Amino acid sequence: MILNKKEIKRLSKIYNLGKIEEISLLKGGNINNNILKVLIIKFLILSRITPKYLESKKFEFKILDFLKINNFSYEIPSPIRNYRDDILTKVKNKYIWIYKKIKGETIHKPKNNQIKEIAKALAVYPKIIEKFERRGVKRVKTHWLLKKYKIMRKTITKKQIDILMLENISFFEYLLKNLLKINLKGKFIPIHADFHGGNLLFEKNKLTGIIDFDNLKWATKSQDLACSIRNVCVTNNIPDNKKISLFLKEYNKFNKLSKEEKSSIFAMMVRNYCIL
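A brief look at the structure comes next.

What follows concerns the overall build of the chain. Helix and strand counts for the chain come out as nine helices and 11 strands. Across the chain, every contact between residues at least 6 apart in sequence was considered, and the portion connecting residues at least 24 apart equals 68%. Just so you have it, the chain exposes about 16700 Å², and 53% of that area is on carbon and sulfur atoms.

The following block contains the structure:
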């Protein structure tokens, strides 16, 4: 959904953004739509929400607010409130929220010093977020994948990657069934669940901002580590043991991992590879 000029001007008035100088499409991402260049605040991001994701988005706002109140040491999206003191405004049967664009550049192939920055940030995050209220915790399970595999077996495809998956689907089922038997220990917290270079903002070699909290869910910090390591600690798209060791060593400086948590990381990495 791309907003027209009339709708953006209306939003500018509702959120008291000032005179709009320029409207341009933001490339990439499945949420971001337009950047507004305004007189008062240089850059803003407009994000849309479909009604079915409204509750999860409200949960995200609570997390962002909690991190800000508790002096999280990295820049994160900060929702702007409208004249009704609300974050959301309905446009075209969808909801819009606005936040100031955070400075920095994403890095998709981080070097060693940048990997250490990522590990540090991921270690600091749970120390703050573990204090978040735990009322109504919903744990995400992976049993649904087994049902998906049954459907996939009946799929007819010409895509090479899909054919490869179907040829090896029994192996993935075997892995997943065994992983579901493992009792992955650890305290459940609202994890970021998408902690990789595309959602981390660097200025020079320092990590300064974290974006895209859309995949927040209740899980152990090991799951956040598994996701991050899978995306960050690779060479030619293959897990790099030297980079993994560097990552975990730096993480341990700021947040000690138990033996059970360390073993859970690799179990979670295997589970993540089962999700295709």
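Back to the text.
Right, let's talk about the side chain of Glu 60 for a bit. With respect to the helices and strands, the residue Glu 60 is situated in helix α2 (residues 54-69). Discounting chain neighbours no more than four positions away, the residues touching Glu 60 are Trp 97, Phe 213, Asp 214 and Leu 216.

Enumeration over the complete set of coordinates arrives at one cavity of 30 Å³ or more. In this structure, the largest cavity spans a volume of roughly 40 Å³. The wall of the largest cavity is formed by Leu 122, Tyr 125, Pro 126, Ile 189, Lys 221, Asp 224, Leu 225 and Tyr 251. Grouping the amino acids of the lining of the largest cavity by side-chain chemistry returns six nonpolar, no polar and two charged.

A few words now on the packing of helix α4 (residues 144-153) against helix α6 (residues 169-179). Taken N-terminus to C-terminus, the directions of α4 and α6 make an angle of 170°; their axes are 11 Å apart at the nearest point. In this view, α4 runs roughly antiparallel relative to α6, as classed from their interaxial angle. Contacts from Leu 145, Leu 146, Tyr 149, Met 152 and Arg 153 of α4 reach α6 at Ile 169, Ser 170, Phe 172, Glu 173, Leu 176 and Lys 177. Partitioning the contact of α4 with α6 into residue classes produces seven nonpolar, one polar and three charged.

The buried fraction of strand β8 (residues 206-210) is high, at four of five residues. Relative to β8, strand β7 (residues 200-203) runs antiparallel, the two being bridged by four bridges. The partner of Phe 202 across the bridge, within β8, is Leu 207. The loop that links β7 with its antiparallel partner β8 comprises two residues; one of these, Lys 204, has a positive phi angle of about 60°.

Now for the pairing of strand β3 (residues 44-49). Counting buried positions over the six residues of β3 gives five, a clear majority of the element. With six bridges joining them, β3 and strand β5 (residues 94-100) adopt antiparallel strand pairing. The residue bridging Ile 49 from the neighbouring strand is Tyr 95, located in β5.

Our next topic: the nonpolar core. Leu 67, Phe 72, Ile 210 and Phe 247 are the most contacted members of the largest nonpolar core, which has 54 residues in total. In terms of residue count, the dominant contributor to this core is helix α3 (residues 112-129) (10 residues). Ignoring any residue separated from it by four or fewer positions in sequence, one finds Phe 72 in contact with Leu 67, Val 124, Tyr 125, Ile 128 and Ile 210. With 13 residues, the next largest nonpolar core counts Ile 8, Tyr 15, Ile 20 and Val 91 among its residues.

To continue, consider the packing of α3 against helix α8 (residues 241-254). To describe two helices that pack against each other, one gives the angle between their axes and the distance between the axes. Two elements in contact, α3 and α8, have axes whose closest approach is 8 Å; the angle formed by their N-to-C orientations is 40°. It follows that α3 is oblique to α8 by the angle criterion. The element α3 and its partner α8 pack so that their crossing is right-handed. When α3 is examined against α8, the residues Asn 112, Ile 115, Lys 116, Ile 118, Ala 119, Lys 120, Leu 122, Ala 123, Pro 126 and Lys 127 are found in contact with a partner set consisting of Lys 243, Leu 246, Phe 247, Glu 250, Tyr 251 and Phe 254. Looking at side-chain class alone, the contact of α3 with α8 contains 10 nonpolar, one polar and five charged residues.

What counts and how
Residues numbered from 1 in each chain as written. Predicted model: local features only at pLDDT ≥ 70, side-chain atom pairs only at ≥ 80, totals over all residues. Heavy atoms only, no water. Helix = DSSP H or I, 4+ residues; strand = E, 2+ residues; numbered from the N terminus. Contact = heavy atoms within 4.5 Å. Areas by Shrake-Rupley, 256 points an atom, 1.4 Å probe, with all protein chains shown as cover. 1 Å grid on protein atoms, 1.4 Å probe; cavity = no way out; pocket = protein on both sides within 12 Å on 5 of 7 lines; lining within 4 Å. Points joined across faces, edges and corners; volume = space filled by probe spheres on them. Nonpolar A, V, L, I, M, F, W, Y, C, P; charged D, E, K, R; others polar. Axes fitted to C-alpha atoms, helices over the stretch in contact; angles between N-to-C directions. Parallel < 35°, antiparallel > 145°, perpendicular 65-115°, else oblique. Buried < 20%, exposed > 50% of the residue type's maximum accessible area, 1.4 Å probe, protein only. Pairing = 2+ DSSP bridges. Core = buried A, V, L, I, M, F, W, Y, C linked by side-chain atoms within 4.5 Å. Left-handed = near helix turned anticlockwise from the far one by under 90°.

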